[in-house]
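Working through the structure, step by step
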Amino acid sequence: MQLWNEIVKSKLAVTGLFLVGFLVIVAVAGPFVYPHDPFRIDLDMVIREPYGPKPPSAEHLFGTDDLGRDMLARIIYGARVSLQVGVLAMLIAAGIGITLGTLAGYFGGWVDAVITWMIDTAFAFPAALLAIAVMAIVPNPSVFWIFIVLGLIGWAGIARVVRGKVLAVREEEFADAARALGARHHRVMLRHILPNCTAPLMVAATINIAGNILTEAWLSFLGLGAQPPIPSWGLMVTEGQAYLSTHYWMCLFPGLAIALTVLGWNLLGDGLRDALDPRLKDV
Amino acid sequence: MITYLIRRLLSVIPTVFGVATIIFFILFLIPGDPVRVILGQHGDPDTRMRITRELGLDQPAHIQYTMFLKRLVTGDLGTSYRSNEKVLHILLDRFPATLLLAVTAMGLSILFGMTAGILAAVRQNKFTDVLVMILSLIGISTPVFWLGLILILVFASRGFDGLPVVFGFLPVSGYGEPGWDRIRHLILPAVSLSAIGMGYIARMTRSSILEVIRQDYIRTAAAKGLKRRVIILKHALRNALIPVVTVIGMNFAALLGGAVATETVFAWPGIGKVIVDSIRQLDAPVVEGGVMLMALAFVLVNVMVDVLYMFIDPRIRLN
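Everything numeric in this text was worked out from a predicted model, so none of it was measured. (Residues numbered from 1 in each chain as written. Chains lettered and ligands numbered in written order. Predicted model: local features only at pLDDT ≥ 70, side-chain atom pairs only at ≥ 80, totals over all residues.)

1. Thoughts on the overall build of chain A
Scanning chain A for helices and strands turns up 13 helices and 0 strands. Traced from its N-terminal end to its C-terminal end, chain A shows the element sequence α-α-α-α-α-α-α-α-α-α-α-α-α. Its C-alpha atoms give chain A principal-axis dimensions of roughly 80 × 45 × 35 Å. Classification of the 283 residues of chain A by burial places 50% in the buried group. Within chain A, contacts between residues separated by at least 24 positions form 71% of all contacts whose residues are at least 6 apart in sequence. (Helix = DSSP H or I, 4+ residues; strand = E, 2+ residues; numbered from the N terminus. Buried ≥ 20, exposed ≤ 12 C-beta atoms within 10 Å, placed from the backbone. Contact = placed C-beta atoms within 7 Å.)

2. Description of the interface of chain A and chain B
Listed per partner, the contact involves 35 residues of chain A and 45 residues of chain B. Broken down by secondary-structure element, the contributors of at least two residues to the side of chain A that touches chain B are α5 (109-124), α6 (127-137), α11 (198-221), α12 (233-241) and α13 (249-276) of chain A. Of the residues that constitute the side of chain A that touches chain B, the class distribution is 29 nonpolar, 6 polar and no charged. (Nonpolar A, V, L, I, M, F, W, Y, C, P; charged D, E, K, R; others polar.)

3. Focus on helix α10 (residues 185-193) of chain A
Each α-helix winds once per 3.6 residues, and so residues spaced three or four apart point in a common direction. Residue and element names in this part refer to chain A. Turning to α10, its buried residues number three or more, namely V188, M189 and I193. Along the axis of α10, the buried positions cluster into a sector of 95°, meaning they face one direction only. Exposed and facing more than 90 degrees away from the buried side of α10 are H186, L190 and R191. Check the buried side of α10 and you find it contacts α4 (71-107), α8 (155-170) and α9 (173-180). (Arc of directions from axis to C-beta.)

4. Looking at the packing of helix α11 (residues 228-265) of chain B against helix α12 (residues 271-280) of chain B
Residues and elements named next belong to chain B. Relative orientation of the contacting elements α11 and α12 amounts to 80°, with a least axis distance of 7 Å. As the angle between them shows, α11 and α12 are arranged roughly perpendicular. Within the contact between the two elements, α11 uses A259, V260, T262, E263 and T264 and α12 uses G272, K273, I275 and V276. Here the contact of α11 with α12 is built from residues that sort into 4 nonpolar, 3 polar and 2 charged. (Axes fitted to C-alpha atoms, helices over the stretch in contact; angles between N-to-C directions. Parallel < 35°, antiparallel > 145°, perpendicular 65-115°, else oblique.)

5. Section: α11 of chain B
Residue and element names in this part refer to chain B. Here α11 is 38 residues long, yet its end C-alpha atoms lie only 44 Å apart, well below the 56 Å a rise of 1.5 Å per residue gives. L237 marks where α11 bends most, by close to 55°. A267 sits one or two residues past α11 and shows a positive phi near 50°. (Expected span 1.5 Å × (residues − 1). Bend = angle between axes of the 7 residues up to and from the residue.)

6. Observations concerning the environment of L111 of chain B
In this fold, L111 of chain B is placed in helix α6 (residues 87-122). Spatially, the C-alpha atom of L111 of chain B lies 32 Å from that of I13 of chain B, the residues being 98 residues apart in sequence.

7. What about the confidence of the model for chain A?
When pLDDT is averaged along chain A, the result is 83, and 96% of the positions lie at 70 or above. When pLDDT is averaged over each element of chain A, α4 of chain A comes out on top at 90 and helix α1 (residues 2-9) of chain A at the bottom at 70. (pLDDT = per-residue confidence, 0-100.)

8. Thoughts on the environment of G269 of chain A
All names here are of chain A. Here G269 lies in helix α13. Judged by the 24 C-beta atoms lying within 10 Å of it, G269 is buried. Considered as a pair, G269 and L17 are 252 residues apart in the sequence and their alpha carbons are 9.4 Å apart. Contacts of G269, omitting those with residues within four sequence positions, involve V203, T206, I207 and A210.

9. Comments concerning unusual backbone geometry
Trans is the common state for peptide bonds, and a negative phi is the common state for residues other than glycine. Following P228 of chain A, the chain continues to P229 of chain A via a peptide bond in cis, the omega torsion being 5°. Positive phi values are uncommon outside glycine, yet N125 of chain B reaches one of about 65°. Along the chain, N125 of chain B turns up in the loop between α6 and α7 (127-141). Its 10 C-beta neighbours within 10 Å are what place N125 of chain B among the exposed residues. Positive phi, close to 50°, is recorded for A267 of chain B, a residue that is not glycine. Its location among the elements puts A267 of chain B in the loop between α11 and α12.

Printed below as a string of structure tokens:
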């Protein structure tokens, strides 16, 4: 409740929360509310004069693409793709990151040494470039592969945050008390230490989602992610590229959707950090 | 210091080795048939066998891995499936274009990012600060490729929807002739590629300076009656620089990734564009080689960052 009050106080966090909330509503309810089918190809529309994609109109608010498909319907559907990739990849990354981070922070010693080395090594890798290498080789690049790959490269950031926090919490008296009462290691970790790491974890997860969405868009733009006819925003920008100077809406709107979504998650992450750690606010 | 430098350079080897190993296992584990890519659907079985043997694909994994590493050490990144040209040759051919683009974009990021960050810190919580913070967050959140396309849209000589051509003076595609023409072609790709770095650098510069100016020695400097400008630029900035330099190094990975997209958008003939072209042509050796070269560049830049620390902060040199 206190956290909620802090979030509401920060204008940045509220803006972020609003953008993210809007995205979630659009992704969940949008396709049921908006009447157009994102996959329906309308050739009558295409051959109507002037030939080609149609500009925004009352019927098609964001215009249509080169196959007469409604742009807004595709962007709404794209919100699902984007949200799925962002969140699922984050869950994979968080699963690995929390496990390794907790083990390293809790046990210390050689366990910590090995895991810290793994984290450092992961940071020395240009992960996004490795994603190209993977996606270029998988037989059928798809959204599924993207969230696997993004999940596997995103763990290090989360592990580092969790390790740092566990290291601090481990020394607190309640953790000692739990151990003194005879609680086993896994119980101390899961019930006593991890709940105290929620705050930094939420910040790291939010920023991870922002990064995932941006990377998915980028891979799909390069042709290494979602494949046609899936309306992924990155892919839609690629499809619009050929029509850039004559039919600007095919590029403009999907890109705007990416930028606003990522902005929303980043704002939320920044806002959460300020709210959870007031010490940082003025810094 | 020399010892440190040598040690740091040697530490590059395991990382590059790691990148190479991961790329090898990606190639090995993920099903995909290079022979089929080379021959197309209709290769006859004899040719198929011959090429499989030539590529060493009939060998067990550990032998393939040793062969892969041996070739790598001698700088042999394999041969393009499409053009039969040496991958290293193709990449080195394109390297200057990518270097020019990346260095220019990085320069712009540092110049404008740090200036904006200093301004924001000095005017904390005032209009300038809020504006810089919002703009840098937008810079971080905007996809590089889309920013490039929007710049093209604005600068495209045609304008759009009959709007007057205001900005038609910059070329939106290609590499240009050496000299002034090259610089004109460089402006738009470099600007769009610099946005992300600018955002990160501005944010880090701001928070780092804000942290430093609370320290006692800054108060002492102020008490001595030094001008605010001297305090910020001479006393605070130097101590605030370490985290900023770290961000610049970390950001180099994003810069290279962005270059892959930017070069495609602006038809800039660098390594990024060759990677994307090769992805579309299923030319795996060129893609892997390009990624490996970029990974090497990233690792080397971060070594340079570590060395830079010693120049910025003598305390690091002593330890």
